[in-house]
Amino acid sequence: MAKKNTPEEDCCDMRGMLGFLILFLLSKKKMHGQELSEEIRKRKGCRPSPGTIYPALKNLKEAGLIKESRKGKTIGYSLTKEGKTGLKSAKQKFCRIFIGVIR
């Protein structure tokens, strides 16, 4: 039986914000999938599943916003030049949309 979400989880599930959050975190430092998952858990309160985070990483890579580098079995992710530009635009859009919520 599936776990029922709390009203807060239903209201603020942030599914549409995952790509933005990944780009933001990678702007701070290069990370692998588990590190990203842990950082998202710290901010959101729950850890995204591998079935959520890795497709998001794949989409960002296919869009040219992130690149990967392998070290053994570990794949690290970092922003591309396009990813830095995209994040800057996304931050501006985020502020336009949500500035009234913060005030």
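The notes below deal with the structure included here. (Residues numbered from 1 in each chain as written. Predicted model: local features only at pLDDT ≥ 70, side-chain atom pairs only at ≥ 80, totals over all residues. Heavy atoms only, no water.)

Here we come to the packing of aromatic side chains. The tally for this structure, following the rule as stated, stands at two aromatic pairs. Summarising the aromatic geometry, the rings of F20 and F94 are spaced 5.3 Å apart at their centres and angled 5 degrees between planes, so their arrangement reads as stacked. Of this pair, F20 sits in helix α2 (residues 18-28) while F94 sits in helix α5 (residues 81-102); the two residues are 74 residues apart in sequence, bridging distant segments of the chain. Centroid distance F94 to F98: 4.8 Å. Interplanar angle 40 degrees. Geometry classified as tilted. Of this pair, F94 and F98 both sit in helix α5, separated by four residues, roughly a single helical turn. Judged by its relative accessible area of 29%, F94 falls in the partly exposed class. Taken together through their ring pairs, the aromatic side chains of F20, F94 and F98 make up a single cluster. (Phe/Tyr/Trp six-rings, centres within 6.5 Å; stacked < 30°, edge-to-face > 60°. Helix = DSSP H or I, 4+ residues; strand = E, 2+ residues; numbered from the N terminus. Buried < 20%, exposed > 50% of the residue type's maximum accessible area, 1.4 Å probe, protein only.)

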